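Okay, here's what each chain looks like letter by letter:
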Amino acid sequence: MPKNYLLIYSEQLATSIELLCQSIKAPSNTMFQIRKSSSSVYANIREANYGQSNCDMVSKFEIKLSMR
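Residues numbered from 1 in each chain as written. Predicted model: local features only at pLDDT ≥ 70, side-chain atom pairs only at ≥ 80, totals over all residues. Heavy atoms only, no water.

## Topic: the overall build of the chain
Counting secondary structure elements, the chain contains three helices and zero strands. By principal-axis analysis of the C-alpha atoms, the chain measures approximately 45 × 30 × 15 Å. In the chain, which comprises 68 residues, the share counted as buried stands at 13%. For the chain, the distance from the average site of its 8 positive side-chain charges to the average site of its 5 negative ones is 8 Å. (Helix = DSSP H or I, 4+ residues; strand = E, 2+ residues; numbered from the N terminus. Buried < 20%, exposed > 50% of the residue type's maximum accessible area, 1.4 Å probe, protein only. Lys, Arg positive; Asp, Glu negative; His and termini not counted. Charge placed at Lys NZ, Arg CZ, Asp CG, Glu CD.)

If you want it as structure tokens, here you go:
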């Protein structure tokens, strides 16, 4: 099974952001939003990869793109 680099890199991003947030002094709401955003990227990619079909996966990616 080939490696899914998008999933690997998004997990690394979420982990790096979490470590960064732990080292920064900022209002808790700001840190919450940053953590939520970085983990959302990983969660959405993971969910899209385990969709019920290719159409389902494409649909989930399109939804995410339209949220920009």
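## Let's talk about the pattern of salt bridges
Counted according to the given criterion, the structure contains one salt bridge. For E18, the salt bridge identified is with R35, shortest N-O distance 2.8 Å. With E18 in helix α1 (residues 5-23) and R35 in helix α2 (residues 28-49), the pair connects residues that are 17 residues apart, well separated along the chain. By relative accessible area, R35 is classed as partly exposed at 28%. (Salt bridge = Lys/Arg side-chain N within 4 Å of Asp/Glu carboxyl O.)

## Considerations on the environment of K25
Within the fold, K25 resides in the loop between α1 and α2. K25 gets classed as exposed once you look at its relative accessible area, which sits at 83%. For the pair K25 and K3, spaced 22 residues apart in sequence, the C-alpha to C-alpha distance is 36 Å.

## Quick notes on the confidence of the model for the chain
Mean pLDDT over the chain: 79, with 91% of residues reaching 70 or higher. Here helix α3 (residues 54-66) is the element of the chain with the lowest mean pLDDT, 74, and α1 is the one with the highest, 85. (pLDDT = per-residue confidence, 0-100.)

## Describing α1
The terminal C-alpha atoms of α1, which comprises 19 residues, lie 27 Å apart, in line with the 27 Å expected from a rise of 1.5 Å per residue. Among the residues of α1, those classed as buried are L7, S10, A14, I17 and C21. Take α1 and look down its axis: the buried residues cluster within an arc of 90°, on one side only. In α1, the exposed residues that point more than 90 degrees away from the buried face are Y9, L19, Q22 and S23. In this structure, the buried side of α1 is in contact with α2. (Expected span 1.5 Å × (residues − 1). Arc of directions from axis to C-beta. Contact = heavy atoms within 4.5 Å.)

## Notes on a nonpolar patch on the surface
A contiguous nonpolar patch, built from Y5, I8 and Y9 and spanning about 320 Å² of accessible area, is present on the exposed surface. Relative to the assigned elements, Y5 resides in helix α1. (Patch = residues over 30% accessible without salt bridge, like charges linked within 9 Å, V, L, I, M, F, W, Y side chains within 5 Å. Areas by Shrake-Rupley, 256 points an atom, 1.4 Å probe, with all protein chains shown as cover.)

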